[in-house]
Amino acid sequence: MIDHIEELIKRYPALAVCEKDIRKSYGLLEESYAHGGKLLIAGNGGSCADSDHICGELLKSFIKKRTPEQSFLDELAKIDPDTGSYLADKLQGALPAISLCNQTALMTASLNDVDGNVMFAQQVNGYGVKGDVFLGISTSGNSKDVVYAMVVAKAKGLKTVALSGKTGGKIAKFADAAIVVPEEETFKIQELHLPVYHALCLQLEERFFK
């Protein structure tokens, strides 16, 4: 099995200080997926884009061809042979991940009716169950909406991972694993976040897809 985290550290030596927490984060994600869990992700601005990006890597093929299980393909064929054949050729294996940044009706309702800072927390309350993982992304670690979502996640029994920079902020204190990259400026923090979550996605793909 390829160790993508080891390769990450070789390419980005500055991230060596985060290796322990990167591996711990991977362990939490692996355990969740192995037991049928899912990943919930939230962030603002560039971190919102990162949330979507991570889902894109997990919900379809990243670098491997992810052929779905034969039993599923057989079920497709039973329902309709032509459609089943088409889908068998196109569908890829997936690891369930939800970006909490795209529910515009819910988010605008929260802004208008309640408090925009609870829009992620409300979704964690709705989607999250024990055994899932919540990943909060905040370059400062102090984004209120991400902090609130982290607290709700812990209250519901989810495992929590923080991806941040600077001192790690509040989300690092609430996280079961906190990846705090060694940068201070927002754009530099974001530049290191991308290879970290790519490595995590690659390692998960290596684990769950032959």
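Refer to the preceding data block for the structure.
Let me sum up the structure you'll find in this document.

Cut-offs used in this document
- Residues numbered from 1 in each chain as written.
- Predicted model: local features only at pLDDT ≥ 70, side-chain atom pairs only at ≥ 80, totals over all residues.
- Heavy atoms only, no water.
- Salt bridge = Lys/Arg side-chain N within 4 Å of Asp/Glu carboxyl O.
- Helix = DSSP H or I, 4+ residues; strand = E, 2+ residues; numbered from the N terminus.
- Buried < 20%, exposed > 50% of the residue type's maximum accessible area, 1.4 Å probe, protein only.
- Phe/Tyr/Trp six-rings, centres within 6.5 Å; stacked < 30°, edge-to-face > 60°.
- Lys NZ or Arg CZ within 6 Å of the ring centre and 35° of its normal.
- Core = buried A, V, L, I, M, F, W, Y, C linked by side-chain atoms within 4.5 Å.

This part takes up the pattern of salt bridges. Counted according to the given criterion, the structure contains 11 salt bridges. When the shortest N-O distance is used, the salt bridge between glutamate 19 and arginine 23 registers 3.0 Å. Linking glutamate 19 with arginine 23, this pair stays in helix α2 (residues 19-34), spanning four residues, or about one helical turn. When the shortest N-O distance is used, the salt bridge between lysine 64 and glutamate 206 registers 3.5 Å. Within this pair, whereas lysine 64 is found in the loop between α3 (46-58) and α4 (70-79), its partner glutamate 206 is found in helix α10 (residues 186-208), the two being separated by 142 residues in sequence. Classification of glutamate 206 by relative accessible area gives buried; the value is 15%. Residues joined by salt bridges that share partners form a network here, namely Asp3, Glu19 and Arg23.

A full pass over the atoms with the stated rule returns one aromatic pair. Judged by centre distance (6.2 Å) and plane angle (80 degrees), the ring pair of tyrosine 33 and phenylalanine 208 falls under edge-to-face. With tyrosine 33 in helix α2 and phenylalanine 208 in helix α10, this residue pair connects regions lying 175 residues apart in the sequence. The exposure class of phenylalanine 208 is partly exposed, given its relative accessible area of 22%. Looking at arginine 207, its charged tip hangs above the ring of phenylalanine 208, at a distance of 4.3 Å from the centre.

As a further point, take the nonpolar core. The biggest cluster of nonpolar side chains holds 34 residues, and the ones touching the most others in it are Leu39, Ile54, Leu58 and Val196. When contributions to this core are tallied by element, the ones reaching two or more residues are α1 (4-11), α2, β1 (39-42), α3, β3 (133-137), β4 (159-164), β5 (177-180) and α10. A total of eight residues in this core trace back to one element, the largest contributor, which is α10. Of all hydrophobic cores here, the second largest spans 20 residues; its members include Met119, Val124, Ala149 and Ala178.

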